[in-house]
Amino acid sequence: MKIVFFGSSDFAVPSLRNLLDSPHEVLAVVTQPDRKKGRHLKVSQTPVKKLSSKRGITIYQPENAKDTESLKYLESLRADLFVVVAFGQIFSKSVLNIPKIYSINLHASLLPKYRGAAPVSRAIMNGENRTGLSIIRMNERMDAGDIILQRPVGIEEKDTSETLNRKLSDLGGILLLDAIRFIEQDRITFKKQDEKKATFAPKLKKEDGLIDWKKDALKIHNMVRGLTPWPCAFTFLNDKMLKIRKTDVSPSPDKSEPGEILDIQKEGLIVACGKGLLIIKELQLEGAKMMDIASFVRGHKIEKGMFLGRPACR
RNA sequence: CGCGGGGUGGAGCAGCCUGGUAGCUCGCAAGGCUCAUAACCUUGAGGUCGUGGGUUCAAAUCCCACCCCCGCAC
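Residues numbered from 1 in each chain as written. Chains lettered and ligands numbered in written order. Predicted model: local features only at pLDDT ≥ 70, side-chain atom pairs only at ≥ 80, totals over all residues. Heavy atoms only, no water.

Side note on the protein's contact with RNA strand B
Put simply, the rule reads: A molecule or strand has a residue near it when one of that residue's heavy atoms lies within 4 Å. Contacts described as polar in this section are N or O atom pairs within 3.5 Å, which, within protein, must combine one atom able to donate a hydrogen with one able to accept it, while residues neighboring in sequence count only if both atoms come from side chains. What counts as a helix is a DSSP run of H or I of at least four residues, what counts as a strand is a run of E of at least two, and both are numbered from the N terminus. Residues are sorted three ways: Asp, Glu, Lys and Arg are charged, Ala, Val, Leu, Ile, Met, Phe, Trp, Tyr, Cys and Pro are nonpolar, and all the rest, Gly among them, are polar.
Taken together, the neighbourhood of RNA strand B is formed by 20 residues, with Arg 39, Lys 206, Ala 288, Lys 289 and Arg 298 sitting nearest. For RNA strand B, the fraction of protein-proximal atoms (within 4 Å) that sit in sugar or phosphate groups is 60%. In the model, a sugar or linking oxygen of RNA strand B is placed 3.0 Å from a nitrogen or oxygen of the Gly 299 main chain. Contributions of two or more residues to the surface near RNA strand B are made by strand E3 (35-37), strand E11 (240-250) and helix H8 (293-299). Among the elements that line the surface near RNA strand B, the one with the most residues is H8, at four residues. Grouping the amino acids of the surface near RNA strand B by side-chain chemistry returns five nonpolar, seven polar and eight charged.

With respect to the sheet that holds strand E1 (residues 2-7)
Put simply, the rule reads: DSSP bridges decide pairing: two strands pair if at least two such bridges lie between them.
One open sheet accounts for seven strands, arranged E5-E2-E1-E6-E7-E8-E9; its pairing is mixed. Looking at which strands have only one partner, the edges of the open sheet turn out to be strand E5 (59-60) and strand E9 (146-154). Direction of pairing for E1 relative to strand E2 (residues 25-30): parallel, over a ladder of five bridges. Bridging across to E2, Phe 6 finds its partner in Val 30.

Some details on the side chain of Ser 22
The line we're drawing: For every residue, the accessible area (1.4 Å probe, protein chains only) is compared with the maximum for its type, and the residue is labelled buried under 20%, exposed over 50%, or partly exposed between those bounds.
Turning to its location among the elements, Ser 22 is positioned in the loop between helix H1 (13-21) and E2. Since its relative accessible area comes to 14%, Ser 22 is described here as buried. Here Leu 19 takes part through its backbone oxygen, which lies 2.7 Å from a polar atom of the side chain of Ser 22.

Listed below in structure tokens is the structure:
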């Protein structure tokens, strides 16, 4: 099968790798342009581009895959199938109709739930204990195409977006090959998505990480898990940004004010929330490295009765 | 040339502004106390103060360059 692969982020890497290792012919890889990013605005390549150049695959990086020049190029490849995984651009019908067969997309949720850019993080943040993978035949609407294959995946208590993403991207790469095999054998039965059940998982923004201490400890805990490693849940300690990477919850009820540090123990800071207690185990102060509580307490002034999340500490 | 914080014994920090032979909380080792302990007491080992230059009688501290880590922004 002659395939053009569209992908950008880490999530797409196992899928691409599997395709490259398969008998299928990857005609070209389409990925986002190199962008000035990160500290000092250095130019960086997508993980997909790095893998592709290592494997000597033709790379195409359009600013917009829908423009006429891109369309012309994509048509010239004469592909059987377009495979799209975490690409980062929205396609129009003109793109989707180019391949002989059609275009498929691997998405990290059990569609129609969690359509959109951040399905994994949002699922964890909502405290789900199950999510999954879907492969769909793409149409013009985002993540709304008919379902080709699905596979549920459990979310474990210890999972963060980081671990779950890895799991899902690995499994996704396998599922993708299955799907392509079924397509080749013409054994697909499309399943329409139930629009009434559709939910959305919008792209995460930095401010999604701001902790509201009035919320339940469990809710905050799930937020911390879902936002690891990026954008990372955060609060403030004496006007400095404090990222919180690892937490636990303790059910013991209390009448303290949300955000108050009630105790400092070896395993973590005990912080009052709207309901329940949050145990902060790993954190990172602005400008410093991520560290566990034992280390943090040794070098920083922190004591019971201080408040988190109050920009100007009383 | 996007903005800013930081690199000090194994860990986390103070000291730097106002140069003058390195400190704190831990960890580690040995000994003591104890029925016992992650508790307490005593002693001890362990540091080219990121790298290279410069200023100075003297630099962790001031000046210049570079490397690495981190946050913002993207």
